[in-house]
Amino acid sequence: MSTTAAAAVTTVLTVGGMSCGHCERTVSAALSALPGVTDVTAEAKAERVTVASAAALDEAAVRAAVEGAGFTYTGRA
């Protein structure tokens, strides 16, 4: 996790099970719904999701969002 300008936090997550653009959009939508999230970029081939947020993300909320969308949360990159 690194801090960028304007006190935003960037967190890189590893998410298994994404295989296409639809998967990327589904995971992005699930994580975008979390409080404080301002941007989400999912990369299926890399199994990586980059999340920008106003504050550090709650690990349990991230896991619940990813797994609730039908994917495997494997941790922070």
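Residues numbered from 1 in each chain as written. Predicted model: local features only at pLDDT ≥ 70, side-chain atom pairs only at ≥ 80, totals over all residues. Heavy atoms only, no water.

1. Focus: unusual backbone geometry
- One non-glycine residue, Glu47, adopts positive backbone phi at about 55°.
- With respect to the helices and strands, Glu47 occurs in the loop between strand 3 (37–43) and strand 4 (48–53). (Helix = DSSP H or I, 4+ residues; strand = E, 2+ residues; numbered from the N terminus.)

2. A word on the environment of Arg76
- Take Arg76: it is sitting in strand 5 (residues 72–76).
- Each C-alpha atom of the pair Arg76 and Thr50 lies 9.8 Å from the other, and the pair is 26 residues apart in sequence.
- A polar side-chain atom of Arg76 sits 3.2 Å from the main-chain carbonyl oxygen of Leu57.
- Polar contacts involving the side chain of Arg76 include one to the side chain of Glu59, which spans 2.7 Å. (Polar contact = N/O pair within 3.5 Å; in protein donor to acceptor, adjacent residues only side chain to side chain.)

3. Some remarks on the pattern of salt bridges
- Applying the stated criterion across every chain yields a total of three salt bridges.
- Between Glu59 and Arg76 there is a salt bridge whose closest N-O contact spans 2.7 Å. Here the residue Glu59 occupies a position in helix 2 (residues 59–68), and Arg76 occupies one in strand 5, the gap between them amounting to 17 residues.
- Take Glu59: its relative accessible area is 33%, and that puts it in the partly exposed class.
- A salt bridge links Glu67 to Arg63; its shortest N-O distance comes to 3.2 Å. Within this pair, Glu67 and its partner Arg63 are both found in helix 2, separated by four residues, close to a single helical turn.
- Look at Arg63 and you get partly exposed, because its relative accessible area is 36%. (Salt bridge = Lys/Arg side-chain N within 4 Å of Asp/Glu carboxyl O. Buried < 20%, exposed > 50% of the residue type's maximum accessible area, 1.4 Å probe, protein only.)

4. Re the environment of Leu31
- Its location among the elements puts Leu31 in helix 1 (residues 21–32).
- Residue Leu31 is classed as buried on the basis of its relative accessible area, which comes to 1%.
- Distance in space between the C-alpha atoms of Leu31 and Ala64 is 9.5 Å, their sequence separation being 33 residues.
- Discounting residues that sit within four places of it in the chain, Leu31 has contacts with Leu13, Val37, Val40, Val49, Val51, Val62, Ala65 and Val66. (Contact = heavy atoms within 4.5 Å.)

5. Structural notes on the side chain of Ser28
- Along the polypeptide, Ser28 turns up in helix 1.
- Setting aside residues up to four positions removed in sequence, Ser28 forms contacts with Val40 and Ala42.

6. Section: the nonpolar core
- Counting 19 residues, the largest nonpolar core has Leu13, Val15, Met18, Leu31, Val49, Val51 and Val62 as the members making the most contacts within it.
- Looking at this core, the elements with two or more residues in it are strand 2 (9–16), helix 1, strand 3, strand 4 and helix 2.
- Leu13 has contacts with Leu31, Glu47, Arg48, Val49, Val51, Val62, Tyr73, Gly75, Arg76 and Ala77, leaving out every residue within four places of it along the chain. (Core = buried A, V, L, I, M, F, W, Y, C linked by side-chain atoms within 4.5 Å.)

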